[in-house]
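Remarks on the overall topology
This is what each chain is made of:
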Amino acid sequence: MMKHNKLIILILTVGVFGILNTEMGFIGLIPQISEHFNVSTSTAGWLVSVFAIGIAISGPIMPLLLSKVERKKVMVTVLLIFIISNIVSMFTTNFSVLLIARVIPAIFHPVYIALAFSVASDSVDSKDGPKAVARVFIGVSAGMVVGVPIVNFLANHFNLYTALAFFALVNIIVLILTIIFIPKMPAKAAMTYGAQLRVLKRPLTWLSIIVSVLFNAAIFGVYSYLTDFLNMVTNAPSNIISIILFLYGAANILGNVIAGKLLTTIPQKAIFLLPFALIIIYIAMFGIGSYLIPMIIISVLWGTLAGISANITQYVITSVASDAPDLSNGIFLSAVNTGTTIGTFFGGLFIASLGSNFVIFIGVFACIINICLIYFRNSALKHFETTS
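Just so you know, these numbers come straight off a predicted model, no measurement behind them.

A tally of regular secondary structure across the protein chain gives 18 helices and zero strands. Its C-alpha radius of gyration of 20 Å places the protein chain within 12% of the 21 Å reference for a compact globule of 388 residues. Considered along the principal axes of its C-alpha atoms, the protein chain spans approximately 55 × 50 × 30 Å. For the protein chain, contacts bridging at least 24 residues in sequence account for 84% of all contacts bridging at least 6. By element, 73% of the accessible surface of the protein chain is carried by carbon and sulfur atoms, the whole surface being about 16400 Å². The average position of the 19 basic charges and that of the 10 acidic charges among the side chains of the protein chain differ by 8 Å.

Pasting the structure below:
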(Lines give C-alpha, C1' and ligand atoms only; values in the text may rest on other atoms or scores of the structure.)
Protein backbone atom coordinates (compact mmCIF):
# COMPACT_ATOMS: atom_id res chain seq x y z
CA MET A 1 0.00 0.00 0.00
CA MET A 2 1.32 3.46 -1.00
CA LYS A 3 5.04 2.70 -0.65
CA HIS A 4 7.43 5.64 -0.15
CA ASN A 5 4.72 8.27 -0.55
CA LYS A 6 6.30 11.41 0.91
CA LEU A 7 3.38 13.61 -0.11
CA ILE A 8 0.95 11.58 1.98
CA ILE A 9 3.24 11.81 5.01
CA LEU A 10 3.55 15.58 4.49
CA ILE A 11 -0.25 16.00 4.34
CA LEU A 12 -0.63 13.88 7.48
CA THR A 13 2.03 15.98 9.25
CA VAL A 14 0.23 19.23 8.39
CA GLY A 15 -3.08 17.60 9.33
CA VAL A 16 -1.78 16.59 12.74
CA PHE A 17 -0.45 20.14 13.17
CA GLY A 18 -3.96 21.50 12.47
CA ILE A 19 -5.61 19.09 14.92
CA LEU A 20 -3.04 19.71 17.70
CA ASN A 21 -3.13 23.44 17.01
CA THR A 22 -6.89 23.44 17.63
CA GLU A 23 -6.27 21.59 20.91
CA MET A 24 -3.26 23.46 22.29
CA GLY A 25 -3.63 26.86 20.60
CA PHE A 26 -6.34 27.87 23.07
CA ILE A 27 -3.63 28.03 25.76
CA GLY A 28 -2.39 31.20 24.07
CA LEU A 29 -5.91 32.70 23.96
CA ILE A 30 -7.09 32.25 27.57
CA PRO A 31 -6.69 35.97 28.55
CA GLN A 32 -8.51 37.19 25.41
CA ILE A 33 -11.30 34.61 25.80
CA SER A 34 -11.69 35.49 29.49
CA GLU A 35 -12.17 39.15 28.55
CA HIS A 36 -14.30 38.55 25.45
CA PHE A 37 -16.79 36.22 27.16
CA ASN A 38 -16.59 37.98 30.54
CA VAL A 39 -15.57 34.84 32.45
CA SER A 40 -12.74 34.22 34.91
CA THR A 41 -9.35 32.96 33.75
CA SER A 42 -9.93 29.64 35.54
CA THR A 43 -13.29 29.25 33.79
CA ALA A 44 -11.70 30.01 30.41
CA GLY A 45 -9.09 27.37 31.27
CA TRP A 46 -11.81 24.73 31.04
CA LEU A 47 -11.61 25.11 27.26
CA VAL A 48 -8.22 23.38 27.48
CA SER A 49 -9.19 20.92 30.23
CA VAL A 50 -12.37 19.59 28.58
CA PHE A 51 -10.45 18.95 25.37
CA ALA A 52 -7.84 16.87 27.21
CA ILE A 53 -10.52 14.98 29.16
CA GLY A 54 -12.39 14.27 25.92
CA ILE A 55 -9.23 12.81 24.36
CA ALA A 56 -8.43 10.67 27.40
CA ILE A 57 -11.93 9.17 27.41
CA SER A 58 -12.41 8.71 23.66
CA GLY A 59 -8.80 7.66 22.90
CA PRO A 60 -9.31 3.88 23.22
CA ILE A 61 -12.96 3.93 22.07
CA MET A 62 -13.40 6.00 18.90
CA PRO A 63 -10.49 4.57 16.84
CA LEU A 64 -11.79 1.09 17.65
CA LEU A 65 -15.41 1.91 16.69
CA LEU A 66 -14.34 3.42 13.35
CA SER A 67 -11.58 0.91 12.57
CA LYS A 68 -13.74 -0.89 9.97
CA VAL A 69 -14.63 2.29 8.03
CA GLU A 70 -12.67 3.35 4.93
CA ARG A 71 -9.83 5.51 6.19
CA LYS A 72 -10.02 8.49 3.84
CA LYS A 73 -13.74 8.85 4.58
CA VAL A 74 -13.02 8.92 8.32
CA MET A 75 -10.25 11.51 7.95
CA VAL A 76 -12.42 13.80 5.81
CA THR A 77 -15.30 13.50 8.30
CA VAL A 78 -13.07 14.37 11.27
CA LEU A 79 -11.59 17.38 9.45
CA LEU A 80 -15.11 18.62 8.62
CA ILE A 81 -16.10 18.30 12.29
CA PHE A 82 -13.04 20.33 13.30
CA ILE A 83 -13.76 23.01 10.68
CA ILE A 84 -17.40 23.36 11.77
CA SER A 85 -16.36 23.62 15.43
CA ASN A 86 -13.71 26.20 14.49
CA ILE A 87 -16.32 28.31 12.67
CA VAL A 88 -18.80 28.02 15.56
CA SER A 89 -16.02 29.11 17.96
CA MET A 90 -15.36 32.17 15.79
CA PHE A 91 -18.90 33.49 15.81
CA THR A 92 -20.53 32.37 19.06
CA THR A 93 -21.11 34.92 21.82
CA ASN A 94 -22.10 32.26 24.36
CA PHE A 95 -19.37 30.62 26.45
CA SER A 96 -21.39 27.40 26.93
CA VAL A 97 -21.68 27.04 23.15
CA LEU A 98 -17.93 27.58 22.86
CA LEU A 99 -17.38 24.84 25.45
CA ILE A 100 -19.58 22.42 23.46
CA ALA A 101 -17.69 23.38 20.29
CA ARG A 102 -14.54 22.19 22.09
CA VAL A 103 -15.94 18.93 23.46
CA ILE A 104 -17.24 17.55 20.14
CA PRO A 105 -13.94 17.73 18.16
CA ALA A 106 -12.05 16.41 21.22
CA ILE A 107 -14.03 13.18 20.91
CA PHE A 108 -12.84 12.74 17.30
CA HIS A 109 -9.28 14.03 17.86
CA PRO A 110 -7.84 10.55 18.66
CA VAL A 111 -9.40 9.13 15.49
CA TYR A 112 -7.41 11.41 13.16
CA ILE A 113 -4.16 11.17 15.13
CA ALA A 114 -4.36 7.37 15.40
CA LEU A 115 -5.09 7.10 11.67
CA ALA A 116 -2.26 9.50 10.80
CA PHE A 117 0.25 7.34 12.66
CA SER A 118 -0.96 4.03 11.22
CA VAL A 119 -1.35 5.38 7.64
CA ALA A 120 2.14 6.95 7.79
CA SER A 121 3.59 3.64 8.94
CA ASP A 122 1.73 1.73 6.20
CA SER A 123 2.85 4.17 3.48
CA VAL A 124 6.49 3.02 3.69
CA ASP A 125 8.38 -0.27 4.02
CA SER A 126 7.88 -1.83 7.44
CA LYS A 127 11.50 -1.19 8.49
CA ASP A 128 11.01 2.56 7.86
CA GLY A 129 7.71 2.74 9.78
CA PRO A 130 9.20 4.44 12.88
CA LYS A 131 10.84 7.11 10.66
CA ALA A 132 7.51 7.86 8.94
CA VAL A 133 5.74 8.11 12.30
CA ALA A 134 8.56 10.38 13.54
CA ARG A 135 7.88 12.77 10.64
CA VAL A 136 4.20 12.92 11.59
CA PHE A 137 5.29 13.63 15.18
CA ILE A 138 6.90 16.82 13.87
CA GLY A 139 3.33 18.00 13.25
CA VAL A 140 2.46 17.09 16.84
CA SER A 141 5.41 19.09 18.22
CA ALA A 142 4.73 22.04 15.91
CA GLY A 143 1.05 22.03 16.88
CA MET A 144 1.95 22.06 20.57
CA VAL A 145 4.77 24.62 20.37
CA VAL A 146 4.30 26.82 17.29
CA GLY A 147 0.51 27.09 17.41
CA VAL A 148 0.39 28.81 20.81
CA PRO A 149 2.64 31.80 19.94
CA ILE A 150 1.06 32.16 16.46
CA VAL A 151 -2.52 32.50 17.72
CA ASN A 152 -1.38 34.63 20.66
CA PHE A 153 0.32 36.99 18.18
CA LEU A 154 -2.79 37.12 15.96
CA ALA A 155 -5.08 37.81 18.92
CA ASN A 156 -2.82 40.56 20.30
CA HIS A 157 -2.09 42.30 16.97
CA PHE A 158 -5.49 41.81 15.29
CA ASN A 159 -8.33 40.29 17.31
CA LEU A 160 -9.70 37.06 18.75
CA TYR A 161 -11.69 36.29 15.58
CA THR A 162 -8.51 36.35 13.48
CA ALA A 163 -6.80 33.93 15.85
CA LEU A 164 -9.78 31.54 15.81
CA ALA A 165 -9.95 31.84 12.02
CA PHE A 166 -6.38 30.53 11.85
CA PHE A 167 -7.54 27.19 13.31
CA ALA A 168 -10.25 26.90 10.65
CA LEU A 169 -7.91 27.94 7.81
CA VAL A 170 -5.31 25.26 8.58
CA ASN A 171 -7.95 22.53 8.78
CA ILE A 172 -9.62 23.71 5.55
CA ILE A 173 -6.27 23.53 3.72
CA VAL A 174 -5.66 20.00 5.04
CA LEU A 175 -9.19 18.95 4.05
CA ILE A 176 -8.63 20.13 0.46
CA LEU A 177 -5.23 18.39 0.28
CA THR A 178 -6.74 15.20 1.71
CA ILE A 179 -9.60 15.14 -0.80
CA ILE A 180 -7.29 15.79 -3.77
CA PHE A 181 -4.13 13.83 -2.99
CA ILE A 182 -4.91 11.03 -0.54
CA PRO A 183 -6.35 7.93 -2.26
CA LYS A 184 -9.08 5.75 -0.81
CA MET A 185 -7.67 3.53 1.89
CA PRO A 186 -9.70 0.49 2.94
CA ALA A 187 -9.64 -0.37 6.62
CA LYS A 188 -6.66 -2.62 7.27
CA ALA A 189 -8.20 -5.97 8.02
CA ALA A 190 -11.76 -6.86 8.80
CA MET A 191 -10.88 -7.66 12.40
CA THR A 192 -13.75 -8.01 14.84
CA TYR A 193 -13.84 -5.65 17.79
CA GLY A 194 -13.25 -8.64 20.04
CA ALA A 195 -10.10 -9.61 18.12
CA GLN A 196 -8.73 -6.08 18.49
CA LEU A 197 -9.59 -5.92 22.18
CA ARG A 198 -7.66 -9.14 22.75
CA VAL A 199 -4.46 -7.08 22.80
CA LEU A 200 -5.68 -5.82 26.20
CA LYS A 201 -5.53 -9.36 27.58
CA ARG A 202 -1.74 -9.33 27.27
CA PRO A 203 0.15 -8.31 30.43
CA LEU A 204 2.83 -6.88 28.09
CA THR A 205 0.30 -4.41 26.67
CA TRP A 206 -0.63 -3.11 30.13
CA LEU A 207 3.02 -2.94 31.17
CA SER A 208 3.73 -0.88 28.04
CA ILE A 209 0.79 1.43 28.77
CA ILE A 210 2.12 2.13 32.28
CA VAL A 211 5.61 2.79 30.86
CA SER A 212 4.10 5.33 28.44
CA VAL A 213 2.08 7.00 31.21
CA LEU A 214 5.24 7.35 33.32
CA PHE A 215 7.29 8.75 30.43
CA ASN A 216 4.72 11.48 29.91
CA ALA A 217 4.41 12.12 33.64
CA ALA A 218 8.20 12.49 33.80
CA ILE A 219 8.25 15.03 30.95
CA PHE A 220 5.06 17.05 31.42
CA GLY A 221 5.05 16.91 35.23
CA VAL A 222 8.08 19.20 35.03
CA TYR A 223 7.49 20.97 31.67
CA SER A 224 4.04 22.19 32.77
CA TYR A 225 5.84 24.34 35.35
CA LEU A 226 8.84 25.35 33.23
CA THR A 227 7.66 28.98 33.04
CA ASP A 228 7.30 29.01 36.84
CA PHE A 229 10.78 27.47 37.22
CA LEU A 230 12.34 30.05 34.90
CA ASN A 231 10.58 32.82 36.83
CA MET A 232 11.18 31.68 40.39
CA VAL A 233 14.46 29.75 40.19
CA THR A 234 16.35 31.10 37.16
CA ASN A 235 14.92 34.64 37.57
CA ALA A 236 14.90 34.98 33.77
CA PRO A 237 13.35 38.11 32.18
CA SER A 238 9.99 37.53 30.46
CA ASN A 239 11.41 38.03 26.95
CA ILE A 240 14.16 35.48 27.66
CA ILE A 241 11.58 33.02 28.97
CA SER A 242 9.73 33.24 25.63
CA ILE A 243 12.99 32.51 23.79
CA ILE A 244 13.78 29.53 26.04
CA LEU A 245 10.28 28.09 25.51
CA PHE A 246 10.74 28.47 21.74
CA LEU A 247 14.17 26.79 21.88
CA TYR A 248 12.66 23.94 23.89
CA GLY A 249 10.00 23.51 21.21
CA ALA A 250 12.48 23.64 18.34
CA ALA A 251 14.62 21.03 20.12
CA ASN A 252 11.46 18.91 20.45
CA ILE A 253 11.22 18.73 16.66
CA LEU A 254 14.91 17.78 16.44
CA GLY A 255 14.19 15.02 18.97
CA ASN A 256 11.44 13.66 16.70
CA VAL A 257 13.95 13.26 13.87
CA ILE A 258 16.55 11.61 16.12
CA ALA A 259 13.92 9.26 17.56
CA GLY A 260 13.01 8.01 14.08
CA LYS A 261 16.61 6.86 13.60
CA LEU A 262 16.95 5.37 17.08
CA LEU A 263 13.73 3.37 16.82
CA THR A 264 14.76 1.84 13.50
CA THR A 265 18.21 0.82 14.78
CA ILE A 266 18.31 0.35 18.59
CA PRO A 267 14.69 0.61 19.83
CA GLN A 268 14.97 -1.32 23.11
CA LYS A 269 18.26 0.34 24.12
CA ALA A 270 16.79 3.77 23.36
CA ILE A 271 13.73 3.03 25.51
CA PHE A 272 15.87 1.81 28.42
CA LEU A 273 18.42 4.66 28.32
CA LEU A 274 15.92 7.53 27.98
CA PRO A 275 14.91 7.68 31.69
CA PHE A 276 18.61 7.75 32.70
CA ALA A 277 19.19 10.73 30.38
CA LEU A 278 16.15 12.52 31.82
CA ILE A 279 17.35 11.98 35.39
CA ILE A 280 20.70 13.59 34.48
CA ILE A 281 18.85 16.58 32.98
CA TYR A 282 16.68 17.02 36.08
CA ILE A 283 19.63 16.76 38.47
CA ALA A 284 21.39 19.42 36.38
CA MET A 285 18.27 21.62 36.60
CA PHE A 286 18.19 21.23 40.37
CA GLY A 287 21.91 22.00 40.72
CA ILE A 288 22.59 24.77 38.19
CA GLY A 289 19.12 25.76 36.94
CA SER A 290 19.41 29.06 38.80
CA TYR A 291 22.05 30.22 36.27
CA LEU A 292 20.65 31.53 32.99
CA ILE A 293 23.17 30.24 30.41
CA PRO A 294 23.34 26.68 31.85
CA MET A 295 19.53 26.65 32.05
CA ILE A 296 19.24 27.60 28.37
CA ILE A 297 21.58 24.71 27.45
CA ILE A 298 19.64 22.34 29.74
CA SER A 299 16.32 23.40 28.13
CA VAL A 300 17.61 22.63 24.63
CA LEU A 301 18.92 19.20 25.68
CA TRP A 302 15.74 18.51 27.62
CA GLY A 303 13.57 19.57 24.65
CA THR A 304 15.48 17.13 22.44
CA LEU A 305 14.89 14.30 24.91
CA ALA A 306 11.21 15.28 25.16
CA GLY A 307 10.91 14.96 21.37
CA ILE A 308 12.54 11.53 21.53
CA SER A 309 10.22 10.58 24.40
CA ALA A 310 7.11 11.51 22.38
CA ASN A 311 8.01 8.97 19.71
CA ILE A 312 9.11 6.35 22.22
CA THR A 313 5.85 6.53 24.21
CA GLN A 314 3.96 5.80 20.99
CA TYR A 315 6.34 3.02 19.90
CA VAL A 316 6.27 1.32 23.33
CA ILE A 317 2.54 0.64 23.00
CA THR A 318 2.07 0.14 19.25
CA SER A 319 5.05 -2.23 18.89
CA VAL A 320 3.41 -4.77 21.23
CA ALA A 321 -0.09 -4.35 19.75
CA SER A 322 0.73 -4.10 16.05
CA ASP A 323 -2.17 -6.43 15.23
CA ALA A 324 -4.60 -3.64 16.26
CA PRO A 325 -2.81 -0.46 15.09
CA ASP A 326 -5.70 2.03 15.25
CA LEU A 327 -6.75 0.83 18.70
CA SER A 328 -3.18 0.87 20.01
CA ASN A 329 -2.63 4.42 18.76
CA GLY A 330 -5.86 5.45 20.49
CA ILE A 331 -4.66 3.80 23.70
CA PHE A 332 -1.37 5.69 23.33
CA LEU A 333 -3.21 9.04 23.14
CA SER A 334 -5.23 8.18 26.23
CA ALA A 335 -2.07 7.07 28.06
CA VAL A 336 -0.11 10.24 27.35
CA ASN A 337 -3.02 12.48 28.42
CA THR A 338 -3.34 10.43 31.62
CA GLY A 339 0.42 10.75 32.20
CA THR A 340 0.28 14.52 31.67
CA THR A 341 -2.58 14.84 34.18
CA ILE A 342 -0.84 12.71 36.82
CA GLY A 343 2.55 14.38 36.32
CA THR A 344 1.12 17.90 36.47
CA PHE A 345 -0.81 17.06 39.66
CA PHE A 346 2.20 15.68 41.52
CA GLY A 347 4.51 18.38 40.13
CA GLY A 348 2.14 20.96 41.61
CA LEU A 349 2.23 19.15 44.97
CA PHE A 350 6.04 19.25 45.09
CA ILE A 351 6.03 22.97 44.27
CA ALA A 352 3.37 23.74 46.89
CA SER A 353 5.14 21.70 49.57
CA LEU A 354 8.83 22.31 48.87
CA GLY A 355 9.18 25.14 46.31
CA SER A 356 9.58 25.60 42.56
CA ASN A 357 13.04 24.01 42.39
CA PHE A 358 11.65 20.68 43.66
CA VAL A 359 9.29 20.16 40.71
CA ILE A 360 12.05 18.01 39.20
CA PHE A 361 11.25 15.35 41.82
CA ILE A 362 8.19 14.14 39.88
CA GLY A 363 10.43 13.69 36.82
CA VAL A 364 13.11 11.81 38.74
CA PHE A 365 10.69 9.55 40.63
CA ALA A 366 8.71 8.70 37.48
CA CYS A 367 11.97 7.83 35.68
CA ILE A 368 13.25 5.62 38.51
CA ILE A 369 10.00 3.62 38.55
CA ASN A 370 10.10 3.44 34.75
CA ILE A 371 13.64 2.02 34.68
CA CYS A 372 12.40 -0.96 36.72
CA LEU A 373 9.28 -1.40 34.59
CA ILE A 374 11.21 -1.13 31.30
CA TYR A 375 13.58 -3.87 32.52
CA PHE A 376 10.58 -6.15 33.16
CA ARG A 377 9.00 -5.08 29.85
CA ASN A 378 12.12 -5.98 27.88
CA SER A 379 12.20 -9.41 29.53
CA ALA A 380 8.49 -9.93 28.79
CA LEU A 381 9.04 -8.72 25.21
CA LYS A 382 11.67 -11.39 24.58
CA HIS A 383 9.25 -14.04 25.83
CA PHE A 384 6.41 -12.56 23.72
CA GLU A 385 8.55 -12.58 20.58
CA THR A 386 9.63 -16.19 21.05
CA THR A 387 6.07 -17.45 21.67
CA SER A 388 4.23 -15.40 18.99
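Alright, that's what it looks like, and here's the rest.
Turning our attention to the environment of Cys372. With respect to the helices and strands, Cys372 occurs in helix α18 (residues 360-387). In sequence terms Cys372 and Phe272 are 100 residues apart; their C-alpha atoms lie 9.4 Å from each other.

Let us look at helix α4 (residues 46-58). Compared with an ideal rise of 1.5 Å per residue, which puts 13 residues at 18 Å, α4 spans 18 Å between its outermost C-alpha atoms and is within 8% of the ideal. Taken together, the buried positions of α4 are occupied by Leu47, Val50, Phe51, Gly54, Ile55 and Ser58. Burial along α4 is one-sided: seen end-on, the buried residues are contained in an arc of 140°.

Closest axis-to-axis distance for the helix α14 (residues 238-265)/helix α16 (residues 292-318) pair is 6 Å, and the angle between their directions is 40°. Classified by the angle their axes make, α14 and α16 are oblique. In the packing of α14 onto α16, the handedness of the crossing is right-handed. Taken together, the residues of the contact of α14 with α16 sort by class into 19 nonpolar, eight polar and no charged.

On to α16. Between its terminal C-alpha atoms α16 stretches 39 Å, which fits the 39 Å expected from 27 residues at 1.5 Å a residue. With 20 of 27 residues buried, α16 is to be regarded as a mostly interior element.

Thresholds applied
- Residues numbered from 1 in each chain as written.
- Predicted model: local features only at pLDDT ≥ 70, side-chain atom pairs only at ≥ 80, totals over all residues.
- Heavy atoms only, no water.
- Helix = DSSP H or I, 4+ residues; strand = E, 2+ residues; numbered from the N terminus.
- Rg over C-alpha atoms; globule rule 2.2 N^0.38 Å.
- Contact = heavy atoms within 4.5 Å.
- Areas by Shrake-Rupley, 256 points an atom, 1.4 Å probe, with all protein chains shown as cover.
- Lys, Arg positive; Asp, Glu negative; His and termini not counted.
- Charge placed at Lys NZ, Arg CZ, Asp CG, Glu CD.
- Expected span 1.5 Å × (residues − 1).
- Buried < 20%, exposed > 50% of the residue type's maximum accessible area, 1.4 Å probe, protein only.
- Arc of directions from axis to C-beta.
- Axes fitted to C-alpha atoms, helices over the stretch in contact; angles between N-to-C directions.
- Parallel < 35°, antiparallel > 145°, perpendicular 65-115°, else oblique.
- Left-handed = near helix turned anticlockwise from the far one by under 90°.
- Nonpolar A, V, L, I, M, F, W, Y, C, P; charged D, E, K, R; others polar.

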